[in-house]
Each structure stands twice: as C-alpha cells, then as structure tokens.
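Okay, here's what each chain looks like letter by letter:
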Amino acid sequence: MHAGNLETSKMLQAIHGVLLDYQPHSTKEIADKTGCVSVGTRISELRVNNLNIKCAYKGKTENGNKVFQYQLLPF
C-alpha cells in the first residue's frame, strides 16, 4: 500500500485534527467534518504514519449500515 504522508496530505491532516481530542468519532462524523469519502482507508494511512488509532464496531444503523468509531490513542 502506498500511504499518504501526514506532513503533506491535507485530508490526513484534517482527519488527524478531528481525532486530536482523543475521543471516539464515528465514520460519519469524521466524513461530515472533513469531506472524506473513504475514512477507513485514510485511517489506515494514518496508522502507516505511526499513529495509534483504535477502531470499535458499534453495531448497525436502522438501514443496516455498519457503524465504526475511531479514537486516537496516546503512545
């Protein structure tokens, strides 16, 4: 996988900014705040950039979509 660089990618920086409060954020919340349409992929790229990000499955919406939350953890 060729991952984006946190230092140069505006989208990775935007998602990192959302996660910097160390609180859990849903995929939808991150997408709404950043305009990102592929949050899971970008989270993977942030992990390649040595960020410790937890993913938790929270169930499904009424229409069956899976709900995930992401949380930046301190090292």
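Let me begin by describing the structure that accompanies this report. (Residues numbered from 1 in each chain as written. Predicted model: local features only at pLDDT ≥ 70, side-chain atom pairs only at ≥ 80, totals over all residues. Heavy atoms only, no water.)

1. Focus on the overall build of the protein
- Of regular secondary structure, the protein possesses 3 helices and 3 strands.
- Overall, the C-alpha framework of the protein stretches about 40 × 25 × 25 Å when taken along its three principal axes.
- Split by element, the accessible area of the protein, about 4,900 Å² in all, is 51% carbon and sulfur.
- Of the side-chain charges in the protein, 9 are positive and 6 negative, and the distance between the mean point of each set is 6 Å. (Helix = DSSP H or I, 4+ residues; strand = E, 2+ residues; numbered from the N terminus. Areas by Shrake-Rupley, 256 points an atom, 1.4 Å probe, with all protein chains shown as cover. Lys, Arg positive; Asp, Glu negative; His and termini not counted. Charge placed at Lys NZ, Arg CZ, Asp CG, Glu CD.)

2. Concerning the environment of Leu20
- Mapped onto the elements, Leu20 comes out in the loop between α1 (10-19) and β1 (25-26).
- When its relative accessible area of 42% is taken as the criterion, Leu20 is described as partly exposed. (Buried < 20%, exposed > 50% of the residue type's maximum accessible area, 1.4 Å probe, protein only.)

3. Thoughts on the sheet that holds β1
- As summarised here, the arrangement of the 3 strands in space is β1-β3-β2, forming an open sheet in which the pairing is antiparallel. Whereas interior strands pair on both sides, the edge strands pair on one side only; in this sheet they are β1 and β2 (52-60).
- When β1 meets strand β3 (residues 66-73), the two strands line up antiparallel, connected through 2 bridges. Looking at the pairing, His25 lines up with Tyr70 of β3.
- Contacts from α1 reach β1, β2 and β3, with the element oriented near 80 degrees to β3. (Pairing = 2+ DSSP bridges. Contact = heavy atoms within 4.5 Å. Axes fitted to C-alpha atoms, helices over the stretch in contact; angles between N-to-C directions.)

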